[in-house]
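As a plain string of letters, each chain reads:
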Amino acid sequence: MNKDMAAQAAKKDGFIAALDQSGGSTPKALKLYGIDESAWSNEAEMFDLVHQMRARIIKSPAFTGDKVMGAILFEQTMDRDIDGTPTAQYLWEKRHVVPFLKVDSGLAEANDGVKLMKPMPALDALLKRAVAKGIFGTKMRSVIDAANPKGIAAVVDQQFQVGKQILAHGLVPIIEPEVTISIPDKAAAEDILLAEIKKHLDDVPSGKQVMLKLTLPAKANLYKPLIDDPRVMRVVALSGGYSRDDANEKLRHNVGMIASFSRALTEGLSAKQSDAQFDAALASAIDSIFQASSVKAAA
């Protein structure tokens, strides 16, 4: 493990940029960026366009380790270059941003109020490639749609089982059991989730740490016990559909939690903007998310 990356991931002020939209979410991300589906005729062209968008973000003057602690990449982004340098290497060497990789293969069908991750038979091979390309950690997402104890237990069990597989490769897993923000029993689901995560932290191998990516909770500071747990390197928040302003405001009330925003980061960016307009809009977004992530006491 790269000790400089580990120190930055664990301690540095800042947030994680989630640049990991995959096949299913890429058309929506491009549409929000001002590129309609008529701009591509096949998946390869679509991924070319989204890589151009991501490269524009990464190369922007404000996108540095001063405020962006890390960035989560899609597998195809990891396999591509920026100005002739592999993306993960470019992130760390040129921008001083810690590279993470999304490793899940999407969601299975809903059952017991949750969506587990699909099986990942090629995960070990992907993790070996990630290590070779200089990736520091990984991210994998499940979804919780109800306060169903059986379903939530299954989600957390799967996440930690795969997490141990990731740890064995010397990578730090970001465990992401997302609670859907619109469900009526969100607070109850989060209470169950907290209890399940606490139980599974006992299974983290000695000397290892995991990261947690969690929906901004209904009750401020609900996840403070996880933030304070020595087996947890960092607890980061997903925006989950909240606007950037709403997500930042909720984040300010959760001491020690930092952002890992995707859509809330790129909100307001457009392919039609000049470089000066784009850089200014991105700098403003980064500043606001950095400030919300850096609050040390409850607002």
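Before going into details, it helps to say that this report is about the structure given with it. (Residues numbered from 1 in each chain as written. Predicted model: local features only at pLDDT ≥ 70, side-chain atom pairs only at ≥ 80, totals over all residues. Heavy atoms only, no water.)

### Brief notes about helix α7 (residues 149–167)
Thought 1: In this model, α7 (19 residues) spans 27 Å end to end at C-alpha, consistent with the 27 Å of a helix rising 1.5 Å per residue.
Thought 2: Within α7 the residues assigned to the buried category are G151, I152, V155, V156, Q158, Q159, F160, V162, G163, I166 and L167.
Thought 3: Residues of α7 that are buried in the fold lie against β6 (114–115), α6 (123–132), β7 (137–144), β8 (172–179), α8 (186–201) and β9 (210–215).
Thought 4: Put simply, N148 is the residue that caps the front of α7, since its side-chain oxygen is 3.0 Å from the backbone nitrogen of K150. (Helix = DSSP H or I, 4+ residues; strand = E, 2+ residues; numbered from the N terminus. Expected span 1.5 Å × (residues − 1). Buried < 20%, exposed > 50% of the residue type's maximum accessible area, 1.4 Å probe, protein only. Contact = heavy atoms within 4.5 Å. Polar contact = N/O pair within 3.5 Å; in protein donor to acceptor, adjacent residues only side chain to side chain.)

### Concerning the packing of α6 against α7
Thought 1: The geometry of α6 relative to α7 is characterised by a closest axis approach of 10 Å and an angle of 45° between their N-to-C directions. One finds that α6 runs oblique with respect to α7. In the crossing of α6 with α7, the sense of the turn from one axis to the other is right-handed. Only V162, Q165 and I166 of α7 make contact with α6, whose side of the interface consists of L123, D124 and L127.
Thought 2: Along the lines of polarity and charge, the residues of the contact of α6 with α7 split into 4 nonpolar, 1 polar and 1 charged. (Axes fitted to C-alpha atoms, helices over the stretch in contact; angles between N-to-C directions. Parallel < 35°, antiparallel > 145°, perpendicular 65-115°, else oblique. Left-handed = near helix turned anticlockwise from the far one by under 90°. Nonpolar A, V, L, I, M, F, W, Y, C, P; charged D, E, K, R; others polar.)

### Description of the pattern of salt bridges
Thought 1: Scanning all chains against the criterion turns up 20 salt bridges.
Thought 2: Here D145 and K115 are joined by a salt bridge, their closest N and O atoms 2.7 Å apart. Here the residue D145 occupies a position in the loop between β7 and α7, and K115 occupies one in strand β6, the gap between them amounting to 30 residues.
Thought 3: Of the charged contacts, one joins D191 and K219 as a salt bridge, the two residues approaching to 2.9 Å between their closest N and O atoms. Pair noted here: D191 is in helix α8 and K219 is in the loop between β9 and α9 (224–227), with a separation of 28 residues, a long-range link.
Thought 4: On the basis of relative accessible area, D191 is assigned to the partly exposed category, the value being 33%.
Thought 5: Salt bridges linked by common partners bring D20, K139 and E176 together as one network. (Salt bridge = Lys/Arg side-chain N within 4 Å of Asp/Glu carboxyl O.)

### Observations concerning the side chain of K102
Thought 1: Structurally, K102 can be placed in strand β5 (residues 98–102).
Thought 2: Within the structure, K102 has its side chain in polar contact with the side chain of D104 (distance 2.8 Å).
Thought 3: Those residues within four positions of K102 in sequence are excluded, and the remaining contacts are D20, S22, I72, L73 and K139.

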